[in-house]
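Topology and contacts: notes
Chain by chain, the residues run as shown.
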Amino acid sequence: MSRLAIDAGGTWLRYEVVGQKSLCGRVSSKDVDLWQFISSMLEKEPDIDAVAVSFAGQVHEGEIISAPNIKVKERELQTLAETLYGIPLKIENDLNCAALAESVYWNEKELVAIYSGTGLGAGIVSRGEILHGWRSLAGEIGHIPYKEAPFTCGCGKRNCIELYASGSGLQKWMREYGCKGEPDLSRLRESLKSECREIAKMYEEALLHAVATAVTLLNPKAVVLGGGVVEHNPYLVEVVRRDIANVALKPSCEALEIRMSEIEDASLEGAKLLLDTITYEL
Ligand SMILES: [Zn+2]
């Protein structure tokens with residue numbers, strides 16, 4: 001039998017069929033509805049007997065609560081898979097999946113994964129398990145209050161740390177300060193224009209503040225940094241390592257490991273780990 005793992009992100013639906021047959025690929029998230037994609041895979045590959053989805057949006061107890069960038073008409077995928085195909089389906093927020101994958105990769109049960117890409121998000125693993133919170137909203141680190149910005153976050157507030165420590169935040173500040181070109185940190189740091197250098201500095205400070213908040217609040221053994229902005233600017237890991245003890249609670253920083261993610265698609269790897277936890281008792 002085979003099992004299907006999907007990473008449903010804002011740009012791509014990446015998938016991998018694991019088991020007797022192995023195949024993988026990706027389709028544009030804009031072109032296909034998530035449930036339609038899953039059901040077409042189940043029709044095409046009838047030996048698939050379990051599905052796990054890493055989802056870039058809020059998920060609570062198997063149900064999709066919000067889907068900002070993904071086409072999803074049906075929100076109760078778990079029920080649909082069970083009633084229409086008689087197979088189990090697990091769905092989990094993408095950063096939770098990524099944190100789970102990082103936890104297994106680094107063999108660390110107390111870990112926070114903080115990813116800065118288009119947005120700023122976190123997944124928390126404590127005692128080897130994902131920390132969900134009451135309504136599965138734990139880890140929304142991008143929306144912790146920071147400093148008032150001259151523009152609004154996707155959540156409706158103007159003081160979210162994501163407005164400073166994310167790719168979309170960089171773009172907003174560049175527009176505000178009249179900095180041209182790609183939102184690239186190393187380019188901004190070396191710019192002749194002081195406003196552009198200031199944007200890079202604000203990003204570094206905000207990322208450090210976000211990590212320090214997570215470290216102080218959650219006391220992880222390891223923090224793994226990832227996401228597009230960090231991948232393109234690995235020096236950020238050094239900045240956080242160097243300065244974390246100046247910002248976070250000192251005892252929380254003792255023996256703390258700050259690492260750079262080494263997993264190519266941590267969310268998809270996390271979905272594959274979810275498949276391992278599926279029990280067949282429908
Ligand atoms: Zn926000």
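Everything numeric here is computed off the predicted structure, so don't read it as measured data. (Residues numbered from 1 in each chain as written. Predicted model: local features only at pLDDT ≥ 70, side-chain atom pairs only at ≥ 80, totals over all residues.)

Along its length, the chain carries ten helices and twelve strands. In terms of C-alpha radius of gyration, the chain reaches 19 Å, essentially the compact-globule figure of 19 Å for 282 residues. Based on the C-alpha atoms only, the size of the chain along its principal axes is roughly 60 × 40 × 30 Å. The burial tally for the chain puts 42% of its 282 residues in the buried class. (Helix = DSSP H or I, 4+ residues; strand = E, 2+ residues; numbered from the N terminus. Rg over C-alpha atoms; globule rule 2.2 N^0.38 Å. Buried ≥ 20, exposed ≤ 12 C-beta atoms within 10 Å, placed from the backbone.)

Turning to the sheet that holds strand E4 (residues 48-55), a few remarks are in order. As summarised here, the arrangement of the five strands in space is E3-E2-E1-E4-E7, forming an open sheet in which the pairing is mixed. Of all strands in the sheet, those with a lone pairing partner are strand E3 (23-28) and strand E7 (89-93), marking the two edges. Strand-to-strand twist in this sheet, taken as the mean axis angle between neighbours without regard to direction, amounts to 15°. Summarising the sheet, strand E1 (residues 2-8) and E4 pair through six bridges and their orientation is parallel. Its bridge partner lying in E4, alanine 5 is registered against alanine 52. The strands touched by helix H2 (residues 77-85) within the sheet are E4 and E7, with E7 carrying the most contacts at an inclination of about 170°. Against the sheet, helix H3 (residues 94-105) makes contact with E1, E4 and E7, and its axis sits at roughly 95° relative to E7, the strand it touches most. (Pairing = 2+ DSSP bridges. Axes fitted to C-alpha atoms, helices over the stretch in contact; angles between N-to-C directions. Contact = placed C-beta atoms within 7 Å.)

A few words on the domain arrangement of the chain. One can read the domain layout of the chain as domain 1 (2-94 + 265-277) and domain 2 (97-260). Once you take the C-alpha centre of each, domain 1 and domain 2 turn out to be 27 Å apart. With 14 residues of domain 1 at the contact, the number on the domain 2 side is eleven residues. At the level of secondary structure, the elements contributing two or more residues to the side of domain 1 that touches domain 2 comprise strand E5 (58-60) and helix H10 (266-277). Considering every element that reaches the side of domain 1 that touches domain 2, the biggest residue donor is H10, with seven residues. For the side of domain 1 that touches domain 2, a count of residues per class yields six nonpolar, five polar and three charged. (Domains from an automatic or database assignment. Nonpolar A, V, L, I, M, F, W, Y, C, P; charged D, E, K, R; others polar.)

This part takes up the nonpolar core. Val53, Ala113, Ile114, Ala210, Val211 and Val223 are the most contacted members of the largest nonpolar core, which totals 80 residues. The greatest single-element share of this core, amounting to twelve residues, is contributed by helix H6 (residues 194-218). No fewer than three residues from each of domain 1 (2-94 + 265-277) and domain 2 (97-260) sit in this core. Excluding anything up to four places from it in sequence, alanine 113 contacts Leu95, Ala98, Ala99, Glu102, Ala122, Gly123, Val224 and Gly226. (Core = buried A, V, L, I, M, F, W, Y, C linked by C-beta atoms within 7 Å.)

Taken in spatial order, the five strands of this open sheet run E10-E9-E8-E11-E12, and their pairing is mixed. Looking at the sheet topology across the chains shown, the edges are occupied by strand E10 (129-130) and strand E12 (257-260). Note: strand E9 (residues 120-126) against E10, two bridges, orientation antiparallel. When the bridges of E10 are listed, valine 125 appears paired with isoleucine 130. Packed on one face of the sheet, helix H8 (residues 235-247) meets strand E11 (222-226) and E12 and runs near 175° to E12.

To continue, consider the packing of helix H4 (residues 167-177) against H6. Two numbers describe how H4 lies on H6: the axes approach to 10 Å, and their chain directions differ by 155°. Our classification of the angle between H4 and H6 gives roughly antiparallel. In this structure, H4 crosses over H6, and the sense of that crossing is right-handed. Contacts from Leu170, Trp173, Met174 and Tyr177 in H4 reach Glu195, Cys196, Ile199, Met202 and Tyr203 in H6. (Parallel < 35°, antiparallel > 145°, perpendicular 65-115°, else oblique. Left-handed = near helix turned anticlockwise from the far one by under 90°.)

Let us now look at the packing of H6 against H8. H8 packs onto H6 with a crossing angle of 55° between their chain directions and a minimal axis gap of 9 Å. Between H6 and H8, the angle falls in the class oblique. Of the two possible hands of crossing, H6 and H8 adopt the one that is right-handed. Of the residues in H8, those in contact with Glu204, Leu207, Leu208, His209, Val211, Ala212 and Val215 of H6 are Leu236, Val239, Val240, Asp243, Ile244 and Val247. Within the contact of H6 with H8, the residues separate by chemical class into ten nonpolar, one polar and two charged.

Looking now at the pairing of strand E6 (residues 63-66). Note: E5 against E6, three bridges, orientation antiparallel. The partner of histidine 60 across the bridge, within E6, is glutamate 63. In textbook terms, the turn of a hairpin is the stretch between consecutive antiparallel strands, and for E5 and E6 this stretch comprises two residues, one of which, glutamate 61, has a positive phi near 45°.

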